[in-house]
Number of protein chains: 2
Amino acid sequence: MQKACFMNARATRNQIVEAADQLFYEQGFEHTSFSDIAETVQISRGNFYYHFKSKDEILDAVIGCRLANTRSMLEKWEADSARPGDRIQSFIRILIMNQTKIMLYGCPVGTLCAELGKLDHPSQANAEQLFDTFLDWLSRQFTLLGHDQGAKTLALHILARSQGVAMLANVYRDEAFIEREVRDMCSWLESLAGSEGLHDEENQRDVHRPS
Amino acid sequence: MQKACFMNARATRNQIVEAADQLFYEQGFEHTSFSDIAETVQISRGNFYYHFKSKDEILDAVIGCRLANTRSMLEKWEADSARPGDRIQSFIRILIMNQTKIMLYGCPVGTLCAELGKLDHPSQANAEQLFDTFLDWLSRQFTLLGHDQGAKTLALHILARSQGVAMLANVYRDEAFIEREVRDMCSWLESLAGSEGLHDEENQRDVHRPS
DNA sequence: GTCTATACCTGGATAGAC
DNA sequence: GTCTATCCAGGTATAGAC
């Protein structure tokens, strides 16, 4: 009996988080109301407060969920490829993998952080962890590639480029643009593999060397 | 008399647009209320409706204002530098020029388009014109540089990179990161000047050549 | 032109029946 | 656990005095 109830509670809780996750992505956090979520989950508005104390708490649950998904995705990429270069390529290729959604709604991480920033929302730091997770993982891969000095710089660089591509892909819905940029990032990556690495020093000149 | 009244009307109208412009940038469009604007302009909420029919109309006025400012900025850059390479550098260096605001609020163009996209707002296309303006201008400069085939591709590339830098600069507030990326974009630009140009063809390999 | 007052709605949140 | 009913704050928008 206890068990059954508990399972039901967890089930609807998960449904709420799942629906909120999607709606926050598609419509933004502030713009999605309890009514929106209630409609897709098919529960009453009042029922939310059995599972969560506030809307912000739902947001935190969503961020937690995304964090978990991200981590397992990164683990999978690590398991699937032995070579760090291939792993980084997996990262770059999410732009292709998720291109439909990215063209419609942008990057889920970037758009969330940007919105929470404008709202000056207390969960900003939480959302930032999503970026941190990618950043740390990428840094590790670049270190394994032999760039232990500039690993974080390189990670930030490729992360920024993906964000830029996602942003413009969302605005212009241009598939060819995405493919072109992904190809370019991949060849940048290949060119890196052969070089001796970059340093984090004050007067370092380039992140990569174009010709 | 008529004249004086008209001038007053225009004056407060401009104040409203100016205040809305800033607040939309800092807090986002949806998140800024009439009360917010009224407070900074020091007028009553009811008075808005003498100047605008709705909040959306204020938004359109703000976008129009930003468009005008953008165009005059681009004209100035064109007047200040004879060489297209230097003009493009002016574009890249807005990231430095406006770094304080960018670290606080992101890119005004990107964040607005992203928000209106999530809201599925009717003025999305209007806001997109801001990107178009930069894109067309950059394309022209790249054409002048001798890259008439891939000019738009290159314009999109550098625009995307700026967006990515602005995005991460906003999230991480990292000044050194901005400077590094700006340097990198500038050296990419220099490397382009010497090359023979890139084509828009289907199987074009790279947007730029790293090493 | 600008104000005050107010209508109307939707949002998040609470209370209590079942 | 879930519902209905309700509260209250805040938003946009309108009416009408000045």
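A. Quick peek at the nonpolar core. Phe91(A), Phe142(A), Phe91(B) and Phe142(B) are the most contacted members of the largest nonpolar core, which totals 135 residues. When near neighbours in sequence (up to four residues on either side) are disregarded, Phe142(A) contacts Ile88(A), His147(A), Ala151(A), Leu154(A), Ala155(A), Ile158(A), Trp188(A), Leu189(A) and Leu192(A).

B. The relation of the copies chain A and chain B, seen in detail. Superposition record for chain A on chain B: RMSD 0.1 Å, screw rotation 180 degrees, translation along axis 0.0 Å. The transformation just described matches what one would write down for a two-fold rotation axis. A shared interface surface links the copies, since 100% of the contact residues of chain A are contact residues in chain B too.

C. The arrangement of the side chain of Asp21(A) in detail. All names here are of chain A. Mapped onto the fold, aspartate 21 is located in helix 1 (residues 2-27). Residue aspartate 21 is classed as buried on the basis of its relative accessible area, which comes to 18%. Setting aside residues no more than four positions away along its own chain, aspartate 21 makes contact with Val62, Cys65 and Arg66.

D. How the structure looks around the confidence of the model for chain A. When pLDDT is averaged across chain A, the result is 92; 89% of the residues are at 70 or more. Throughout residues 196-206 of chain A the model reports pLDDT below 50, and contacts reaching past four residues in sequence, or to other chains, amount to 26 contacts.

E. Structural context of the packing of helix 10 (residues 151-172) of chain A against helix 9 (residues 124-144) of chain B. Put simply, helix 10 of chain A and helix 9 of chain B touch, their axes get as near as 11 Å, and they point 115 degrees apart. Compared by their axis directions, helix 10 of chain A and helix 9 of chain B come out roughly perpendicular. Note that helix 10 of chain A runs across helix 9 of chain B; the crossing there is left-handed. Side by side, helix 10 of chain A and helix 9 of chain B meet where Leu168(A), Val171(A) and Tyr172(A) of the first sit next to Glu128(B), Phe131(B), Asp132(B) and Leu135(B) of the second.

F. The arrangement of the packing of helix 4 (residues 55-80) of chain A against helix 9 (residues 124-144) of chain A in detail. All names here are of chain A. Running from N to C, helix 4 and helix 9 point in directions that differ by 10 degrees, and their axes come no closer than 9 Å. By the angle class used here, helix 4 and helix 9 are roughly parallel. Between helix 4, through Asp60, Ile63, Arg66, Leu67, Thr70, Arg71, Met73, Leu74, Trp77 and Glu78, and helix 9, the contact on the second element is made entirely by Asn126, Ala127, Gln129, Leu130, Thr133, Phe134, Trp137, Arg140 and Gln141.

Conventions and cut-offs
- Residues numbered from 1 in each chain as written.
- Chains lettered and ligands numbered in written order.
- Predicted model: local features only at pLDDT ≥ 70, side-chain atom pairs only at ≥ 80, totals over all residues.
- Heavy atoms only, no water.
- Core = buried A, V, L, I, M, F, W, Y, C linked by side-chain atoms within 4.5 Å.
- Buried < 20%, exposed > 50% of the residue type's maximum accessible area, 1.4 Å probe, protein only.
- Contact = heavy atoms within 4.5 Å.
- Least-squares fit on C-alpha atoms with pLDDT ≥ 70 in both.
- Helix = DSSP H or I, 4+ residues; strand = E, 2+ residues; numbered from the N terminus.
- pLDDT = per-residue confidence, 0-100.
- Axes fitted to C-alpha atoms, helices over the stretch in contact; angles between N-to-C directions.
- Parallel < 35°, antiparallel > 145°, perpendicular 65-115°, else oblique.
- Left-handed = near helix turned anticlockwise from the far one by under 90°.

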